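Listed below, chain by chain, are the residues.
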Amino acid sequence: MLAQVYLLFKVFFSADDLRWIRSRWWFEIASTEAGIAQLHHRRQLAHAAGLPAEVISSEEATKIAPCFHAQDSHSRALFFGSDGTANAPKITQYYQAEARAKGAMVLEANVSSIDSNSASSDSSKFSITTDLGTLQAKTVVVATGIWTQELLKSLDIALPIIP
């Protein structure tokens, strides 16, 4: 069993819930050689994804969060000093309001499939099967996160979803 302390610590710099993105910092701590090696690997992955991250000493981690980490001679931390989180409900509400203002119909429904109506004689290009019934549409915005691939499968569209 790997004797590793692996902790996640997040602190808000701002508690303003009305903002779309909140600045945060966080770090992960490891105290074994294997755990510290994993921190270095995760730092490389973060950098490859364009995220600034640094492996810092126990002393530096204690300065950042003295109530969370007691300084020692062997642990290290992977520090994300400029991370953030998006306020998904606020962003969704904004884009729904913008779409409605431009004439879109926004429905909350359980969608089981989206199919192409390319042979249809009317202007609707898509048939959407929902728990409200089958709907026809010229344009469809698919904002379903991890379920997007499944819904787009019948349209032969591959859209990468990156967490």
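Refer to the structure presented above.
What counts, and at which threshold
- Residues numbered from 1 in each chain as written.
- Predicted model: local features only at pLDDT ≥ 70, side-chain atom pairs only at ≥ 80, totals over all residues.
- Heavy atoms only, no water.
- Buried < 20%, exposed > 50% of the residue type's maximum accessible area, 1.4 Å probe, protein only.
- Patch = residues over 30% accessible without salt bridge, like charges linked within 9 Å, V, L, I, M, F, W, Y side chains within 5 Å.
- Areas by Shrake-Rupley, 256 points an atom, 1.4 Å probe, with all protein chains shown as cover.
- Salt bridge = Lys/Arg side-chain N within 4 Å of Asp/Glu carboxyl O.
- Helix = DSSP H or I, 4+ residues; strand = E, 2+ residues; numbered from the N terminus.
- Pairing = 2+ DSSP bridges.
- Axes fitted to C-alpha atoms, helices over the stretch in contact; angles between N-to-C directions.
- 1 Å grid on protein atoms, 1.4 Å probe; cavity = no way out; pocket = protein on both sides within 12 Å on 5 of 7 lines; lining within 4 Å.
- Points joined across faces, edges and corners; volume = space filled by probe spheres on them.
- Polar contact = N/O pair within 3.5 Å; in protein donor to acceptor, adjacent residues only side chain to side chain.

Engineer: How do you make sense of unusual backbone geometry when you look at a structure like this?
Structural biologist: What is expected of a backbone is that most residues other than glycine have negative phi and most peptide bonds are trans. Not every positive phi belongs to a glycine, and D156 is a case in point at roughly 60°. Exposure remark for D156: the relative accessible area of 72% places this residue in the exposed category.

Engineer: Mind showing me how you'd approach a nonpolar patch on the surface here?
Structural biologist: Nonpolar side chains collect at one region of the surface, where I146, W147, I157, L159 and I161 lie side by side and expose about 540 Å² of accessible area between them. Position of I161 among the secondary structure elements: in the segment after α4 (148–152). I161 gets classed as partly exposed once you look at its relative accessible area, which sits at 40%.

Engineer: How should I be thinking about the pairing of strand β7 (residues 133–137) in this particular structure?
Structural biologist: It is a general feature of regular strands that their side chains alternate between the two faces of the sheet. In this structure, strand β6 (residues 126–130) lies alongside β7, joined through five bridges in antiparallel fashion. Bridge pairing in β7 links T129 to T134. Between β6 and β7, which pair antiparallel one after the other, the connecting turn spans two residues.

Engineer: Whenever I open this one, the sheet that holds β6 confuses me. Can you help?
Structural biologist: Pairing between the strands of a sheet is mediated by backbone hydrogen bonds and can be parallel or antiparallel. Ordered in space as β5-β6-β7, the three strands form an open sheet in which the pairing is antiparallel. Across the chains shown, the open sheet's two edge strands, defined by having one partner strand only, are β5 (111–116) and β7. Across the sheet, the axes of successive neighbouring strands diverge by a mean angle of 20°, strand direction being ignored. Of the strand pairs in this sheet, β5 and β6 are connected by five bridges, and their pairing is antiparallel. Counterpart to S113 in the pairing with β6 is T129.

Engineer: I'm lost on the layout of surface pockets in this one. Help?
Structural biologist: Any empty space left between the atoms is revealed when a probe the size of a water molecule rolls over them. The space that makes up the largest pocket amounts to roughly 1200 Å³. Forming the boundary of the largest pocket are 27 residues, of which M105, V106, L107, V140 and V141 lie nearest the centre. Only α3 (88–101), β5, β6, β7 and α4 provide two or more residues apiece to the lining of the largest pocket. With four residues, the single largest contributor to the lining of the largest pocket is α3.

Engineer: So what exactly am I meant to see when it comes to the pattern of salt bridges here?
Structural biologist: Opposite charge on two side chains permits them to pair, given that their charged atoms come into close proximity. Enumeration over the complete set of coordinates arrives at five salt bridges. We note a salt bridge from E54 to R43, for which the minimum N-O separation is 3.6 Å. Of this pair, E54 sits in strand β3 (residues 54–57) while R43 is found in helix α1 (residues 33–48), placing the two residues 11 residues apart along the sequence. Assessed through its relative accessible area of 41%, E54 is described here as partly exposed. By relative accessible area, which is 25% here, R43 ends up partly exposed. Note that E150 and K153 form a salt bridge whose closest N and O atoms lie 3.1 Å from each other.

Engineer: How do you make sense of the side chain of T32 when you look at a structure like this?
Structural biologist: Looking at the element boundaries, T32 is found in the loop between β2 (21–30) and α1. The buried category is assigned to T32, whose relative accessible area is 16%. For T32, the side chain forms a polar contact with the main-chain nitrogen of G35, separated by 2.9 Å.

Engineer: Honestly, the environment of H41 in this entry has me stumped. Any pointers?
Structural biologist: Tracing the sequence through the fold places H41 in helix α1. For the pair H41 and L78, spaced 37 residues apart in sequence, the C-alpha separation works out to 10.0 Å.

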